[in-house]
Amino acid sequence: MGKVIFMVCVALWAFSCSIQHGEPVGPDCFFENMDQMSQWLIKTPYVSDLSQFKRTEYWQNPNEFWSNGRGDCEDKAVFAIWYARTQGMIYGLAVVDLNGTRHAMLERNGMVYGLDGHSTYPNMGILETYDWDAIKHKIRWD
Ligand SMILES: [Ca+2]
């Protein structure tokens, strides 16, 4: 009996973290929180779009990034923003000036955040911002 209850609970848990049609399924169930997710993101190799996709700019959707396990800064930021949404936290993507180069980070109410969603970078100059709708125009959900 205990085994059946356990299996039902596991099935309910697995079902509860499914995402709506067209959204990736998996990573939201894999991590327990933003910190755990960001620790994984930090360890994923940085690979430029030019070497990975032979394009100067390519925004991976969270499914692609989860499968590839590598990418550049906006791929990691998009993944973090998507994951945060599964946890009920809303961020945009900020393109900031990092020592003269463009770098993607998280943004909310004009404040720049790291991939963990709570480290703040108040002195970063925001060049552009993208809310989730704008991000969805930049990524492809195949
Ligand atoms: Ca990219």
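For clarity, every value in this text was computed on a predicted model and none was experimentally measured.

### Observations regarding the environment of Met111
Point 1. Residue placement: Met111 occurs in strand β3 (residues 111-113).
Point 2. As a C-alpha pair, Met111 and Tyr121 span ten residues in sequence and 7.3 Å in three-dimensional space.
Point 3. Sequence-distant contacts of Met111, that is, excluding residues within four places in its chain, are made with Thr120 and Pro122.

### Regarding the nonpolar core
Point 1. With 25 residues, the main nonpolar core has Ala77, Ala80, Ile81, Leu93, Met105 and Leu106 as its most contacted residues.
Point 2. Counting only elements with at least two residues in this core, the list comes to α3 (34-43), α5 (62-68), α6 (73-86), β1 (92-98), β2 (101-108) and β3.
Point 3. Looking at this core, the element that brings in the most residues is α6, giving eight residues.

### As for the pairing of β1
Point 1. Pairing of β1 with β2 involves seven bridges; the strand directions are antiparallel. Bridge pairing in β2 links Ala94 to Met105.
Point 2. Of the pairings in the sheet, the one linking β1 to strand β4 (residues 125-130) comprises five bridges and is antiparallel in character. Paired with Ala94 across the two strands is Thr129, which belongs to β4.

### A short note on the environment of Tyr91
Point 1. With respect to the secondary-structure elements, Tyr91 resides in the loop between α6 and β1.
Point 2. Residue classification places Tyr91 among the buried positions, given that 23 C-beta atoms sit within 10 Å.
Point 3. Distance in space between the C-alpha atoms of Tyr91 and Arg108 is 5.2 Å, their sequence separation being 17 residues.
Point 4. Setting aside chain neighbours within four positions, we find Tyr91 in contact with Ile81, Ala84, Leu106, Glu107, Arg108, Tyr113 and Gly117.

About the thresholds
Residue numbers restart at each chain and count upward from 1, following the sequence in its written direction. pLDDT decides what is reported in this predicted model: residues at 70 or higher carry local features, side-chain atom pairs at 80 or more are listed and counted, and totals for whole chains, interfaces and linings draw on all residues regardless. Secondary structure counts use DSSP, requiring at least four H or I residues in a row for a helix and at least two E residues in a row for a strand, with both numbered from the N terminus. Once C-beta atoms are placed from the backbone, any two residues with those atoms within 7 Å are in contact. Buried Ala, Val, Leu, Ile, Met, Phe, Trp, Tyr and Cys residues whose C-beta atoms connect them within 7 Å together make up a nonpolar core. Remark: C-beta atoms are placed from the backbone, and a residue is labelled buried if 20 or more other C-beta atoms sit within 10 Å of its own, exposed if 12 or fewer do, or partly exposed between those counts. Strands are treated as partners if at least two bridges between them are detected by DSSP.

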